[in-house]
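Close look at the chain arrangement
Listed below, chain by chain, are the residues.
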Amino acid sequence: MVNSYSWVNHFQAFVLIIFTFVISAQSDVPRPRGVSLSKASLYSPTKDFTCFDGTVTIPFNYVNDDYCDCFDGSDEPGTSACLNGVFHCTNAGHRPENIPSSRVNDGVCDCCDGTDEYAQPETCKNTCEEMGREARAEAQRLADLHKAGNHLRLELIEKGKKKRNELAEQLSQLEKDKTEAIKIKEEKESLKNQLEAKENEVLQVYRDAEEKERKRKAEEEKEALIKEGTEYFSMFDTNDDNVLTVDEVKVVNAFDKNKDGEVDQEEIQYFLGTNESVDKETFLSTTWPMLKPFAMSEQGVFQRGVENEELDDQDTDEATRDIETDEGDNEEENAEDDLPQDVDQEVEPESSRIYDDETQKIVDEASEARRQWTDAERAVREIESNIRNFQQNLEKDYGLQQEYATLDGQCLEYEDKEYVYKLCLFQKVTQKSKNGGAEVGLGNWGEWAGEDNKKYSVMKYTNGIACWNGPNRMTTVNIHCGLETKMLSVSEPYRCEYNIELATPAACDDSNASQQQSHDEL
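These figures come from a predicted structure and were not determined experimentally. (Residues numbered from 1 in each chain as written. Predicted model: local features only at pLDDT ≥ 70, side-chain atom pairs only at ≥ 80, totals over all residues. Heavy atoms only, no water.)

1. Remarks on a negative patch on the surface
A grouping of D356, D357, E358, D364 and E365 is seen on the molecular surface, where their side chains present a negatively charged patch. Position of E358 among the secondary structure elements: in helix α9 (residues 357-395). (Patch = residues over 30% accessible without salt bridge, like charges linked within 9 Å, V, L, I, M, F, W, Y side chains within 5 Å. Areas by Shrake-Rupley, 256 points an atom, 1.4 Å probe, with all protein chains shown as cover. Salt bridge = Lys/Arg side-chain N within 4 Å of Asp/Glu carboxyl O. Lys, Arg positive; Asp, Glu negative; His and termini not counted. Charge placed at Lys NZ, Arg CZ, Asp CG, Glu CD. Helix = DSSP H or I, 4+ residues; strand = E, 2+ residues; numbered from the N terminus.)

Written out as structure tokens, the structure reads:
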């Protein structure tokens, strides 16, 4: 906040104003110390001074009185009274510049002409002429470099425009190829559909016969299952009353699932449920499919009452034959064999069937039609993929005159003590340790990021591999004029953020260099 006026302070500063009001070496226009020639008209000693923000008007002798009257600091360009003030260094013989007025008389030489340290003029030596010569020599060197590099840049522009035209022509041809490929695909699809319909018609005869055979086998298996289950039921039903009781179950080893020598209540419930007995029909439909694997493992050995200690010879022979038929099969296969099989599992693949000659010919024709349609469909997809790639390349910004077009995909390397860095222009940036290991992505092509009219001076590569407990890596590429395209340096100023200095003839625009040289000479 601006302090209230102090007439004593202003009067004491009046003498200082006499010394701070100077005449520029470049012009006869008088202006206060620290004011540029372009703003001299705003500081007229014949009238009161109005702050640049328009908030306050003060007597002119308050300007540079080492007391901050204006909120914007415009009344103290030549002193350090205002923290937000600006001091103008004339720097005759070199480039003029503006510095914060807080640096005035701080004992540090900020202006090459030493005008910012006027309280102790012996502190700073005027080095503007020397610095100006060095700056002009550097500007001339850069101008010569841009001039030489511009010849190479013009070649890159010519090649870039040629490449773009070629891409456009190839894209146009691909569009035509796509139209033709779609037409071929549709023709192949139509032929495929016709031959598949014919194939399906002749194969239906085989499918019908196979279905009939499948049902016949299923019926035989069902009858065999019932027969086998009936024989075992008869063996277990010791009193021949067509009911299998808990007492009868307890003496049959096959019901002893865990083979501990006893059929316990849990095992009885597993096979009989909550029932105390099962009739023959329930046994065949429910109990036998679960029991069969265990019965087969027993190979016909079970306990009976004393009065029925031995089977008669005929029953024994029949049981033995049934068991021998199933020997060698594992329990899981036996259980699956007892149940009706899924149709799809029974049907033999059409490709492996044997047909009569006429049917085989029709199947082969349909197979060939399917292959040709698949090839045609693949051709369309490949052309569409190429079209997308060409469109993406044509949409890329390769500079105002396509000067960067031929650099797309060119990969450059730079090595330091620990890593090998690779920059593939318009694609990606990677880093690999010299001690081995995989490449680490430091960013993928993002955009041009130069400011104002220097858009093509900076590249951004973003969304690289994430740092440990940190953000995704990213890389900024600063582009300079050079007679060859190469990486000059790589640094990591902040964690996971990388800077690459790149030289290339594509950046050698001699018109910009000439303008910069003319500006530096002012």
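2. Some details on the packing of helix α4 (residues 265-272) against helix α5 (residues 280-298)
It is the contact of α4 with α5, at a shortest axis distance of 8 Å, that shows an interaxial angle of 130°. When the interaxial angle is binned, α4 and α5 end up oblique. In this structure, α4 contributes Y270, F271 and L272 to the contact, and α5 contributes T287, M290, L291 and F294. The residue inventory of the contact of α4 with α5, partitioned by class, reads six nonpolar, one polar and no charged. (Axes fitted to C-alpha atoms, helices over the stretch in contact; angles between N-to-C directions. Parallel < 35°, antiparallel > 145°, perpendicular 65-115°, else oblique. Contact = heavy atoms within 4.5 Å. Nonpolar A, V, L, I, M, F, W, Y, C, P; charged D, E, K, R; others polar.)

3. Comments concerning the confidence of the model for the chain
The pLDDT averaged across the chain works out to 84; a share of 82% of its residues lies at or above 70. Confidence drops under pLDDT 50 across residues 1-27; counting only partners more than four residues distant or on other chains, this segment forms 46 contacts. Contacts from residues 514-522, a stretch scored under 50 in pLDDT, to residues over four places away or in other chains number eight contacts. (pLDDT = per-residue confidence, 0-100.)

4. Considering the side chain of R214
Note on placement: R214 falls in helix α2 (residues 128-236). A polar atom in the side chain of R214 sits 2.9 Å from the side chain of E211. (Polar contact = N/O pair within 3.5 Å; in protein donor to acceptor, adjacent residues only side chain to side chain.)

5. Let's talk about the environment of Y461
Counting through the fold element by element, Y461 comes out in strand β13 (residues 458-462). Counting along the chain gives 17 residues from Y461 to N444, while the straight-line C-alpha distance between them is 4.7 Å. From its side chain, Y461 meets the backbone nitrogen of F426 in a polar contact 2.9 Å long.

6. Some words on α2
The terminal C-alpha atoms of α2 lie 120 Å apart, and with 109 residues this falls more than 12% below the ideal 162 Å at 1.5 Å per residue. The largest bend in α2 amounts to roughly 35° and is located at L203. (Expected span 1.5 Å × (residues − 1). Bend = angle between axes of the 7 residues up to and from the residue.)

7. Quick look at the sheet that holds strand β10 (residues 419-424)
Ordered in space as β9-β10-β11-β12-β13-β14-β16-β15, the eight strands form an open sheet in which the pairing is mixed. Looking at the sheet topology across the chains shown, the edges are occupied by β9 (411-415) and β15 (486-494). For this sheet the average axis-to-axis angle between neighbouring strands, irrespective of direction, equals 25°. Of the pairings in the sheet, the one linking strand β12 (residues 440-448) to β13 comprises four bridges and is antiparallel in character. Opposite W448, over in β13, you have M459 as the bridge partner. (Pairing = 2+ DSSP bridges.)

8. Describing the nonpolar core
If you look at the biggest cluster of nonpolar residues, it comprises 24 residues, and the most contacted ones within it are Y404, L423, L425, M459, V477, M487 and L502. For this core, the secondary-structure elements that each account for two or more residues are β10, β12, β13, β14 (474-481), β15 and β16 (497-504). At three residues, β16 tops the list of elements feeding residues into this core. One finds Y232, F236, L244 and V278 within the second-largest nonpolar core, a separate group that totals 23 residues. (Core = buried A, V, L, I, M, F, W, Y, C linked by side-chain atoms within 4.5 Å. Buried < 20%, exposed > 50% of the residue type's maximum accessible area, 1.4 Å probe, protein only.)

9. A few points about the pairing of strand β11 (residues 428-433)
The pairing of β10 with β11 spans six bridges and is classified as antiparallel. When the sheet's bridge partners are listed, Y421 is paired in β11 with Q431. Judged from the four bridges that link them, β11 and β12 form a sheet pairing that is antiparallel. Following the sheet pairing, K428 is matched in β12 by N444. Counting the residues between successive antiparallel strands, the hairpin from β11 to β12 contains six residues, one of them, G436, with a positive phi of roughly 105°.

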